[in-house]
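Tertiary structure, described
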Amino acid sequence: MPPVTRAISKHLLPVYHTPMMRYPLSVLLLGREVIGNDPVARGRVLRPEEKPAVPRSNYAVTGLDFYDNSVVDRAADIQPSALGEVGITDLTRVYMERGDLRMPVGGRGMAWLDTGTSDSLCEAGSSVATIERRQGLKMRCPEEIAYRQGWMSVDPLLACAAPLEATEYGRYLVRLAHGPLAPSSRTAR
């Protein structure tokens with residue numbers, strides 16, 4: 001997404017009001033709740049293709065990849081491209097060829113929004129804004145996930161909200177701690 005990505009990492013750019021990096025972070029925090037309980041792929045990966053003109057299926061790799069510790073050695077065995085890079089698709093192919101590739105399928109309600117161009121980043125932001133306004137909930141809010149999972153109590157949640165009190169995000173965290181968004185079965189610790 002040059003020229004903006006010449007000055008700042010793409011992952012720090014906002015999708016609506018939230019830095020892009022918070023979306024994969026929230027997936028890590030939610031774990032199996034998001035990717036499902038099936039430890040193996042529901043379908044078999046026949047051939048990973050990077051940005052095919054005519055996709056062979058409705059499945060896409062979202063760019064959130066998890067690898068075991070053997071990834072370092074496997075990547076070292078791949079011949080770098082003319083630009084000196086080892087492509088993620090090449091690495092995925094190595095795992096597939098060795099029978100180690102697993103492809104969990106995202107659950108119902110999960111959506112992937114392209115953010116690879118300036119236009120698609122704006123479209124993703126607009127989609128997130130629409131959903132948040134209609135539902136009255138924030139998407140991929142790490143503080144909310146930590147609070148609802150029981151990893152954070154009310155006081156630390158309010159401490160996170162305090163420097164953001166002038167923003168909608170900060171007010172959302174306060175409502176989460178005290179208002180109708182608060183989990184009804186929780187007691188403050």
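Look above for the structure.
The following paragraphs examine the structure supplied in this document. Since the model is a prediction, treat every value here as computed from it, not as a measurement.

Here's the deal with the pattern of salt bridges
For the structure on display, the rule yields seven salt bridges. When the shortest N-O distance is used, the salt bridge between R93 and D90 registers 3.3 Å. Taken together, the positions of R93 and D90, both in helix α4 (residues 88-97) and three residues apart, correspond to about one turn of that helix. For E168, the salt bridge identified is with R175, shortest N-O distance 2.9 Å. Owing to a relative accessible area of 32%, R175 belongs among the partly exposed residues under this scheme. Through salt bridges that share partners, E168, R171 and R175 make up one connected network.

Concerning the packing of aromatic side chains
Scanning the model with the defined rule gives one aromatic pair in all. Taking the centre distance of 5.2 Å and the plane angle of 55 degrees together, the rings of Y67 and Y95 count as tilted. One end of the pair, Y67, is in the loop between α2 (32-35) and α3 (71-76); the other, Y95, is in helix α4, with 28 residues separating them in the sequence. Residue Y67 is classed as partly exposed on the basis of its relative accessible area of 29%. For Y95, a relative accessible area of 5% translates into the label buried. In this structure, R74 packs its charged tip against the face of Y95, placed 4.0 Å from the ring centre. Against the face of Y172 rests K138, its NZ or CZ located 5.9 Å from the ring centre.

Examining the environment of D68
With respect to the secondary-structure elements, D68 resides in the loop between α2 and α3. Residues D68 and D100, spaced 32 residues apart in sequence, show a C-alpha to C-alpha distance of 9.9 Å.

Things to note about helix α1 (residues 22-30)
Among the residues of α1, those classed as buried are Y23, S26, V27 and L30. With its buried residues spanning 105 degrees around the axis, α1 presents them on a single face. Note on α1: the residue one or two positions beyond its end, G31, has a positive phi of about 55 degrees.

A word on the nonpolar core
Core analysis: the largest hydrophobic core is formed by 12 residues, namely C141, A146, Y147, M152, V154, L157, A161, Y169, Y172, L173, L176 and A177. Taken together, the elements giving at least two residues each to this core come down to α6 (142-148), α7 (154-161) and α8 (168-178). In terms of residue count, the dominant contributor to this core is α8 (five residues). Excluding its chain neighbours within four sequence positions, the residues that come into contact with C141 are Y169, Y172 and L173. Among the nonpolar cores identified, the runner-up in size contains eight residues, and L13, V15, M20 and Y23 belong to it.

A look at the packing of α7 against α8
The contact between α7 and α8 brings their axes to 8 Å, and the two run at 165 degrees. Compared by their axis directions, α7 and α8 come out roughly antiparallel. With respect to the hand of their crossing, α7 and α8 are arranged in left-handed fashion. Here V154, L157, L158, C160 and A161 of α7 lie close against α8, whose contacting residues are G170, L173, V174, L176, A177 and H178. Residue classes in the contact of α7 with α8 are distributed as nine nonpolar, two polar and no charged.

What to know about helix α5 (residues 118-135)
Between the first and last C-alpha of α5 there are 26 Å, a value that for 18 residues agrees with the 26 Å anticipated at 1.5 Å per step. For α5, the complete set of buried residues consists of S120, L121, A124, G125, V128, A129 and E132. Where the residues of α5 are buried, they touch β1 (14-15) and α1. Positioned one or two residues after α5, G136 has a phi angle of 70 degrees, which is positive.

Parameters at a glance
The residue count restarts for each chain, going from 1 along the sequence in the order it is written. Thresholds applied to this predicted model are a pLDDT of at least 70 for local features of residues and 80 or more for the giving and counting of side-chain atom pairs; totals over whole chains, interfaces and linings are not thresholded and use all residues. Where side-chain values are given, they derive from all heavy atoms of the structure, hydrogens and water being excluded. Each reported salt bridge corresponds to a side-chain nitrogen of Lys or Arg within 4 Å of a carboxyl oxygen of Asp or Glu. In this description a helix means any DSSP run of H or I spanning at least four residues, a strand means any run of E spanning at least two, and both kinds are numbered starting from the N terminus. Partly exposed residues are those whose accessible area sits between 20% and 50% of the maximum for their type, while under 20% is buried and over 50% is exposed, using a 1.4 Å probe and protein chains only. Ring pairs are drawn from Phe, Tyr and Trp, using the six-membered ring of Trp, whenever the two centres fall within 6.5 Å, and their geometry is named by plane angle: stacked under 30 degrees, edge-to-face over 60, tilted for the rest. Criterion for a charge above a ring: Arg CZ or Lys NZ at most 6 Å from the ring centre, at most 35 degrees from the ring normal. Read the arc as the range of directions from the helix axis to the C-beta atoms. Buried Ala, Val, Leu, Ile, Met, Phe, Trp, Tyr and Cys residues that are joined via side-chain atoms within 4.5 Å together make up what is termed a nonpolar core. Contact criterion: two residues are considered in contact whenever any of their non-hydrogen atoms come within 4.5 Å of each other. To get an axis, fit a line to the C-alpha atoms, keeping to the stretch in contact for a helix; angles then go from 0 to 180 degrees between the N-to-C directions. Roughly parallel here means an angle under 35 degrees, roughly antiparallel means over 145, roughly perpendicular means 65 to 115, and every remaining angle is called oblique. A crossing counts as left-handed when the near helix is turned anticlockwise from the far one by less than a right angle, and as right-handed when that turn is clockwise. In this classification, the charged set is Asp, Glu, Lys and Arg, the nonpolar set is Ala, Val, Leu, Ile, Met, Phe, Trp, Tyr, Cys and Pro, and all remaining amino acids, among them Gly, are polar. Each helix should span, by expectation, one fewer than its residue count multiplied by 1.5 Å.

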